[in-house]
Amino acid sequence: MLYCKPCKAKIAGVHGHCPLCGGNLSGEPEKERSYPIIAPNPNRIKRIIQILSISAIAGAIICVAINVLVPAGIWWSLFAVLGLACGWLWAVVGILKKAKLLNNIVWQCVLISALAFLWDAVTGWHGWSAEFVFPCVCTGAMLAVIILATVFRMPDKEYLILLIVCAVIGIIPLIFLFTGILTVILPSVICVAVSLIIISIQLIFNWKALYREVSKKLHL
């Protein structure tokens, strides 16, 4: 049986590295795996995406048709179509990135923020994307990564870099604050404060693990 010295744990089955810490293992692996390898079903994922796509297209066509048949003085159907497009995109990204939950959170953070800025710009720029959506999404992403890493007891290598990425993105509202484009500053102030606190905590208490993961990513 394999043995991980840092974790002080015996590892059953066939593994190249410790499933807990990712370190090297000693001992002899078992002849058979302790669990079967279940391959993903690409046809099922494809069918789900197809169903989501046709549902979004049908919903968009129905909204435009109703808007044409019942004139309301405003093309509200365009907002409905954009909302359906956003929902479809979020759902597809979530399905494709489901294998890596924390990566999915970062992708969703960037995607939601970008779509919010685009929507705000297309509708005449009222500033709600910069004042509310972006800082709230960034703060939520950081808290989600921390909560999931704690609940699932993830090793540093699985969440540390992603947490720092979310925190760095969360500092961007400083630009909005200094340029004076915000009328409501509380969400941005909270987002920047949380980001700086997280970065400070990691640099002070977890800098060795952070340096190790950055070195791995940059192949230093």
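Residue indices begin from 1 for each chain and proceed along its sequence in written order. Two thresholds apply to this predicted model, a pLDDT of at least 70 for residue-level local features and 80 or more for giving and counting side-chain atom pairs, whereas whole-chain, interface and lining totals are computed over all residues. The basis for the side-chain values is all heavy atoms of the structure; hydrogens and waters are excluded.

**Student:** How do you make sense of the overall build of the protein chain when you look at a structure like this?
**Tutor:** Put simply, DSSP H or I for four residues or longer makes a helix, DSSP E for two residues or longer makes a strand, and each gets a number counted from the N terminus. Regarding its fold elements, the protein chain presents 8 helices and 2 strands. For the protein chain, the succession of helices and strands along the chain, N to C, is β-β-α-α-α-α-α-α-α-α. Here, two residues are considered to be in contact whenever any of their heavy atoms come within 4.5 Å of each other. If you take every contact in the protein chain between residues at least 6 apart in sequence, the share linking residues at least 24 apart comes to 53%. A 1.4 Å probe and the Shrake-Rupley method give the accessible areas. Residues count as covered only by the protein chains that appear here. When the accessible surface of the protein chain is summed, it comes to about 14,200 Å², and 71% of that surface belongs to carbon and sulfur atoms.

**Student:** Help me understand helix H8 (residues 207–218), please; the structure alone is not making it clear to me.
**Tutor:** Along an α-helix, residues three or four apart share an orientation, since each turn contains 3.6 residues. With 12 residues, H8 extends 16 Å from end C-alpha to end C-alpha; this agrees with the ideal 16 Å at 1.5 Å per step. If you follow the buried residues of H8, they end up packed against helix H5 (156–169) and helix H7 (186–205). The span expected for a helix works out to 1.5 Å for each residue beyond the first.

**Student:** Would you mind showing me how to read the confidence of the model for the protein chain here?
**Tutor:** Close inspection of predicted coordinates is inappropriate for parts of the model with low pLDDT. The predictor attaches a confidence to each residue, called pLDDT, with possible values from 0 through 100. The share of residues in the protein chain with pLDDT of 70 or more is 89%, and the mean pLDDT across the chain is 83. Mean pLDDT values over the elements of the protein chain span from 75, in helix H2 (residues 76–96), up to 94, in H7.

**Student:** Hey, could you run me through the packing of aromatic side chains in this one?
**Tutor:** How two aromatic rings sit relative to each other is set out by the distance from centre to centre and by the angle between their planes. Only the six-membered ring of Trp is used, alongside the rings of Phe and Tyr, when aromatic pairs are assigned; centres must lie within 6.5 Å, and planes under 30 degrees apart are stacked while those over 60 apart are edge-to-face, with the rest tilted. Applying the stated criterion to the full structure yields 4 aromatic pairs. Counting every residue linked through ring pairs, the aromatic cluster contains Phe 117, Trp 125, Phe 134 and Phe 176.

**Student:** Teacher, can you tell me more about the state of the cysteines here?
**Tutor:** Note: disulfide means a covalent bond formed between the sulfur atoms of two cysteine side chains. By convention in this document, the label disulfide applies to cysteine sulfur atom pairs within 2.5 Å. Scanning the model with the defined rule gives 0 disulfides in all. With no disulfide of its own, Cys 166 lies closest to Cys 109 among cysteine sulfurs, the gap being 5.6 Å. According to the relative accessible area criterion, Cys 166 is buried, its value standing at 2%. Buried means the residue's accessible area, taken with a 1.4 Å probe over protein chains only, is under 20% of the maximum for its type, while exposed means over 50%, and partly exposed covers the values in between.

**Student:** Can you help me understand the packing of helix H4 (residues 128–151) against H5 in this one?
**Tutor:** When two helices pack together, their arrangement is given by the angle between the helix axes and the distance between those axes. To obtain an axis, a line is fitted to C-alpha atoms, over the contacting stretch when the element is a helix, and the angle between two such axes runs from 0 to 180 degrees between their N-to-C directions. Taken N-terminus to C-terminus, the directions of H4 and H5 make an angle of 160°; their axes are 9 Å apart at the nearest point. When the axes of H4 and H5 are compared, the pair comes out roughly antiparallel. Between H4 and H5 the crossing geometry is left-handed. For the pair H4 and H5, contact is made by Phe 134, Cys 138, Ala 141, Met 142, Val 145, Ile 146 and Ala 149 and by Tyr 159, Leu 163, Cys 166, Ala 167 and Ile 169, respectively. Each residue belonging to the contact of H4 with H5 can be placed in one class, and the counts come to 12 nonpolar, no polar and no charged. In what follows, roughly perpendicular refers to angles from 65 to 115 degrees, roughly parallel to angles under 35, roughly antiparallel to angles over 145, and oblique to any angle outside these ranges. By convention, the crossing between two helices is left-handed when the near helix turns anticlockwise from the far helix through less than a right angle, and right-handed when the turn is clockwise. Ten residue types, Ala, Val, Leu, Ile, Met, Phe, Trp, Tyr, Cys and Pro, are classed as nonpolar, four, Asp, Glu, Lys and Arg, as charged, and the remainder, Gly among them, as polar.

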